[in-house]
Amino acid sequence: MSAPASPTPRQPDTFPLKLYATLLEVGGPLLELYLRRRLRAGREDALRFGERHGIPSRDRPDGFLVWFHAASVGESMSMLRLLDRLLEERSDLSILVTTGTVTSAAMVAERLRADRFKDRVIHQYVPVDRPGWVERFLSHWQPDCAVWIESEIWPNLLTAIAGRRIPAALVNARMSVKSHARWSMAPNTIRRLLSCFDLCLAQTKDEAVRLGALGARDVRYVGHLKFAAEPLPADAQALEQLRAAIGARPLWVLASSHEGEEEIAIAAHQRLADRFPDLLTVIVPRHTERGGAIADRAEAAGLAVALRSSGLPPAAKDNLYIADSMGELGLWYRLTTIACIGGSLVPVGGHNPIEAAQLGCALLYGPHMFTVAGVAAELQADNAAIMVSDDRTLADAIAWLLEDKAAALAMASAGRGVAERNRHVIDRAFAALDPLIDRAERRRASR
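Attention in this report is confined to the structure presented alongside it. (Residues numbered from 1 in each chain as written. Predicted model: local features only at pLDDT ≥ 70, side-chain atom pairs only at ≥ 80, totals over all residues. Heavy atoms only, no water.)

**Here's the deal with the overall build of the chain**
- Secondary structure assignment for the chain yields 18 helices and 15 strands.
- Since a compact globule built from 447 residues should have a radius of gyration of about 22 Å, the 23 Å found for the chain is in line with a globular shape.
- For the chain, the C-alpha atoms occupy an extent of roughly 70 × 45 × 45 Å along the three principal directions.
- Taking all 447 residues of the chain together, the buried fraction comes to 56%. (Helix = DSSP H or I, 4+ residues; strand = E, 2+ residues; numbered from the N terminus. Rg over C-alpha atoms; globule rule 2.2 N^0.38 Å. Buried < 20%, exposed > 50% of the residue type's maximum accessible area, 1.4 Å probe, protein only.)

In structure tokens:
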């Protein structure tokens, strides 16, 4: 499905954009203070801090370079299969990957270590959106083509891309009803920004229509890239150790939790404790550094708690196990048949439910799945997921699934079916991107 293309030229020069650029350039000292505060809090990489100022830590490779930008972990996971496909199909190019968080950088680095194409991929932190830092970044890397994942919009980066006439695509694009309404109040600004992309591949048909109405060019519906991701990995030895430690205990997992969700999980566990006295609740916090604080709250509620970072598996006495480790979500999805998706019980927007569905979990999530609304709706329509709203409804759903094994297996099978049905999204996305990359190669050859 294609939405009407906008004839708007790539000239993002409205007054709000000029004002934004001026404020960020003049406000350099304040930006520096902000970054230093993040650095002290462990939210910036001390060894590569210069990259956030557009200072490269690597040389540009010779030849054709495609730049992929993914803001955080979820976007990075969506990007990896597309990146691999591109490297496999085109042996003549290199790829620059930028992300904005320490967590996403660690995840990308871990995946690339095992990738057969790792020598052709460079990771850098995306520069903060100050014009001087953006220009420094682009002058060094000189990407021939830019592919941005999902919906992060940095005006100065986009302005500079358009100014250099770099062919660009927005992939896995989303535009919620709420965002559409907000951007509709600044139509010239959003039209200028979206017109920087030559191609826009939307997650859902509705989002394709909304993006086209706001001024995006060559909008197409191809589906959600999360469906194309490989199942999350798991260390075989760690998996066996945990299976031995947990044994036949009933188990459920709260995956990628945020502040406010752990309290709901603790309360749900307390509701279930009399009915399932050996129940093990596993919380996998989105930000692993919060593990200690979560443990303190659980202990204050009277639960016996252990942390993955202690190096010990859950003991028989433990009610709650906090998996405060990086890159092990695949372990827990293989160990449980019930997964509640974090970021959905509080208004964060929900994380990727497909990862759990691929590995055979019955899915639970809260009312706030707006960042993956299309995926969530499809899962729910196929009876692969149950929406819960609080600790009571969460506890009721967990109890039902623990007691009715056939229902849990049916939900898990339905979830796998949804994932399988949509896995060819990568083919559609690559077919749409291929002509843009061809054009970028011809442009480079003509210079």
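**Description of the sheet that holds strand E13 (residues 338-341)**
- Spatial strand order, E11-E12-E10-E9-E13-E14-E15: 7 strands in an open sheet with parallel pairing. Lying at the two open borders of the sheet, with one neighbouring strand each, are strand E11 (305-307) and strand E15 (385-387). Strand-to-strand, the axes of this sheet are offset by a mean angle of 20°, without reference to chain direction.
- Bridging between strand E9 (residues 251-257) and strand E10 (residues 280-285) involves 6 bridges; their strand directions are parallel. Bridging from a neighbouring strand, Ser257 pairs with Pro285 of E10. (Pairing = 2+ DSSP bridges. Axes fitted to C-alpha atoms, helices over the stretch in contact; angles between N-to-C directions.)

**Focus: unusual backbone geometry**
- Unusually for a residue other than glycine, Asn172 sits at a positive phi of about 60°.
- Even without a glycine there, the phi angle at Asp218 is positive, about 45°.
- For Asp218, a relative accessible area of 27% translates into the label partly exposed.

**Points about the packing of aromatic side chains**
- Using the criterion set out here, one finds 4 aromatic pairs in the structure.
- One aromatic cluster is present, formed by Trp67, Phe137, Trp148 and Phe197 through successive ring pairs.
- Seen from the ring of Phe430, Arg85 lies directly overhead, with NZ or CZ sitting 4.8 Å from the centre. (Phe/Tyr/Trp six-rings, centres within 6.5 Å; stacked < 30°, edge-to-face > 60°. Lys NZ or Arg CZ within 6 Å of the ring centre and 35° of its normal.)

**Focus: the state of the cysteines**
- According to the stated counting rule, one finds 0 disulfides in the structure shown.
- No disulfide involves Cys196; its nearest neighbouring cysteine sulfur is the one of Cys200, lying 12 Å away.
- Looking at Cys340, it has no disulfide partner, and the nearest cysteine sulfur is the one in Cys361, 11 Å off. (Disulfide = S-S within 2.5 Å.)

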